[in-house]
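So you can see what is in the structure, the chains are spelled out below.
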Amino acid sequence: MIPYGKQDINQQDIDAVIKVLQSDYLTQGPQVPLFEQTLIDHSGAEYAVACNSATSALHLACLVLELGVGDWLWTTPITFVASANCGLYCGAQVDFVDIDPITYNLCPKALKRKLIIAKAQNKLPKVVVPVHLCGQPCDMPAIHALSLEYDFKIIEDAAHAIGGEYQGKPIGCGDYSDITVFSFHPVKIVTTAEGGAALTNQQALADKMTLLRSHGITRDKALMRPVTGLDIEEQGDWYYQQVELGFNYRMTELQAALGVSQMQRLRQFVSERQRLASRYNQLLADLPLTLPKQLETTNSAWHLYVIGLQLDDSAFSQNRLSQNKVFRQLRELGIGVNLHYIPVHTQPYYQAMGFAVGDYPAAEHYYQHAISLPLFHGMTEAQQDEVVTALRLVLIKVY
Ligand SMILES: *Cc1c(COP(=O)(O)O)cnc(C)c1O
């Protein structure tokens with residue numbers, strides 16, 4: 001089976017991890033700050049806080065933006081559940097903004113319409129989480145302009161998008177948001193096995209995320225609280241304080257060393273994905289498919305290559321091409337297609353909160369037509385040709 005995505009580990013990656021195993025520190029050593037520095041160097045952000053997953057990083061990001069009970073977080077329905085769940089972790093309520101049918105990202109026009117209504121109802125969001133789906137940047141200048149007008153914070157869920165660019169700058173630079181979150185899960189662009197990071201240009205946010213990443217405990221006297229009857233300056237080197245309720249969201253040294261090594265190949269990873277994506281564009285051009293479109297001012301990191309099936313949606317058509325049939329036949333031919341994503345609002349957990357099928361028509365239409373084709377660094381042209389041949393065969397058969 002040709003997988004839809006997979007990691008690319010070379011000897012240098014393996015050596016980097018083994019070196020850490022033979023060193024003094026498996027956690028809380030020098031590799032995590034080094035990895036954070038590679039993220040800063042790449043993106044131009046001022047601060048990076050590495051975590052054990054992007055899900056943890058999203059949780060910390062929401063907490064330091066002071067999202068809590070009585071607040072709203074808005075995101076897109078076409079994303080992994082983690083983009084929405086982070087709001088629930090903080091006791092906030094979650095709502096969704098429908099997608100743009102061309103880019104499949106959170107639609108700035110729909111956002112504006114929803115903001116106008118929310119303002120009238122006094123239910124404006126505190127945090128909006130745009131997701132750069134497939135690595136394709138959202139229209140961030142438009143979303144950022146709305147954040148100034150309606151006073152909300154922005155967390156970019158860039159789990160798919162390290163190496164992508166907008167307005168000539170790397171995603172993560174923070175020009176249009178408060179915090180950007182990357183994921184380093186093995187299917188993403190670069191990997192640390194499990195891992196994530198939150199990037200920001202605001203020192204107070206970075207300091208607070210660093211504190212909360214490790215139990216809310218500090219050894220920095222400047223961050224300590226006065227304790228009655230105790231002179232903090234007099235305390236020994238063992239002394240630390242818990243000043244917040246934090247978590248253990250730390251990344252290990254093994255993961256960070258893998259990340260440092262992988263980051264050296266980021267450019268190569270993304271340019272190879274770009275090359276394969278434009279090759280797909282050419283090879284699939286004559287098929288009845290909607291191919292991925294990009295905004296002019298952006299460069300996708302090409303985490304995913306999603307095709308839209310042009311289905312005859314009428315139930316009475318004899319040629320009715322079913323997404324499920326295409327999907328199953330491709331898998332039978334050894335093509336590890338996938339579907340990203342089931343709209344979050346239709347998940348049972350979210351339906352129990354009052355969401356229903358029909359709430360976000362553009363997202364649901366996308367979901368009924370989309371299929372993710374295999375795309376990863378290390379995929380050969382022969383493998384890609386195999387995908388295209390299989391797709392051709394299946395589409396002709398069902399038509
Ligand atoms: C993978 C992913 C996450 C979560 O990343 P983890 O590192 O697995 O926690 C969040 N959002 C999106 C859009 C993702 O694809």
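Small disclaimer: the values here were computed from a predicted structure and weren't measured.

**Focus on the nonpolar core**
- By size, the foremost hydrophobic cluster in this structure holds 47 residues, and its most contacted members are L73, F96, I155, I179, V181 and Y366.
- When contributions to this core are tallied by element, the ones reaching two or more residues are strand 1 (47-51), helix 3 (54-64), helix 4 (82-89), strand 3 (93-96), strand 4 (127-129), strand 8 (179-183), helix 7 (203-213) and helix 12 (361-369).
- In terms of residues, this core owes the most to one element, helix 3, which gives 7 residues.
- In this structure, this core is formed jointly by two domains, domain 1 (11-263) and domain 2 (266-398), each of which donates at least three residues.

**With respect to empty space enclosed by the protein**
- Per the counting criterion, the structure on display carries 2 cavities of 30 Å³ or more.
- In this structure, the largest cavity occupies an estimated 110 Å³ of space.
- In the lining of the largest cavity, the residues fall into 8 nonpolar, 4 polar and 1 charged.
- Here the lining of the largest cavity gathers at least three residues from each of two domains, domain 1 (11-263) and domain 2 (266-398).
- Taken as a whole, the second largest cavity spans an internal volume of roughly 60 Å³.
- Lining the second largest cavity are K6, Q7, D8, P186, K188, I189, V190, T191, Q262, F269, R273 and H377.
- Of the residues assigned to the lining of the second largest cavity, the class counts are 4 nonpolar, 4 polar and 4 charged.

**A short note on the sheet that holds strand 4**
- Here we have 7 strands laid out as an open sheet, ordered 1-9-8-5-4-2-3, and mixed in their pairing. Looking at which strands have only one partner, the edges of the open sheet turn out to be strand 1 and strand 3. Adjacent strand axes in the sheet meet at a mean angle of 20°, parallel and antiparallel pairs treated alike.
- Most of the contacts of helix 4 go to strand 2 (residues 72-75), to which it runs at about 180°, and overall it touches strand 2, strand 3, strand 4 and strand 5 (153-157).
- Relative to the sheet, helix 5 (residues 108-120) contacts strand 2 and strand 3, its axis offset from that of strand 2 by approximately 160°.

**Re unusual backbone geometry**
- Cis geometry marks the peptide bond from H340 to Y341, where omega comes out at 5°.
- A positive phi angle, near 60°, is found at D151, a position not held by glycine.
- The backbone of H215 shows a phi angle near 65°, a positive value even though the residue is not glycine.

**Here we look at the sheet that holds strand 6 (residues 165-166)**
- Read across the open sheet, the 3 strands follow the order 7-6-13; overall the sheet is antiparallel. In this open sheet, the two edge strands, each paired with only one partner strand, are strand 7 (169-170) and strand 13 (298-299).
- Strand direction decides the pairing type here: strand 6 and strand 7, joined by 2 bridges, are antiparallel. Residue E165 lies in a different strand from strand 7, and its bridge partner there is P170.

**Here's the deal with helix 2 (residues 31-43)**
- Here helix 2 contains 13 residues, and its C-alpha end-to-end distance of 18 Å stays within 8% of the 18 Å for a straight helix at 1.5 Å per residue.
- Taken together, the buried positions of helix 2 are Q31, V32, F35, E36, T38, L39, I40 and S43.
- Looking at the buried side of helix 2, the elements it contacts are helix 1 (11-21), strand 1, strand 7, strand 9 (196-200), helix 7 and helix 8 (253-263).
- Where helix 2 terminates, the next one or two residues include G44, which has phi positive at roughly 85°.

Conventions we followed
- Residues numbered from 1 in each chain as written.
- Predicted model: local features only at pLDDT ≥ 70, side-chain atom pairs only at ≥ 80, totals over all residues.
- Heavy atoms only, no water.
- Core = buried A, V, L, I, M, F, W, Y, C linked by side-chain atoms within 4.5 Å.
- Buried < 20%, exposed > 50% of the residue type's maximum accessible area, 1.4 Å probe, protein only.
- Helix = DSSP H or I, 4+ residues; strand = E, 2+ residues; numbered from the N terminus.
- Domains from an automatic or database assignment.
- 1 Å grid on protein atoms, 1.4 Å probe; cavity = no way out; pocket = protein on both sides within 12 Å on 5 of 7 lines; lining within 4 Å.
- Points joined across faces, edges and corners; volume = space filled by probe spheres on them.
- Nonpolar A, V, L, I, M, F, W, Y, C, P; charged D, E, K, R; others polar.
- Pairing = 2+ DSSP bridges.
- Axes fitted to C-alpha atoms, helices over the stretch in contact; angles between N-to-C directions.
- Contact = heavy atoms within 4.5 Å.
- Expected span 1.5 Å × (residues − 1).

The values reported here are purely geometric and, on their own, carry no functional implication.
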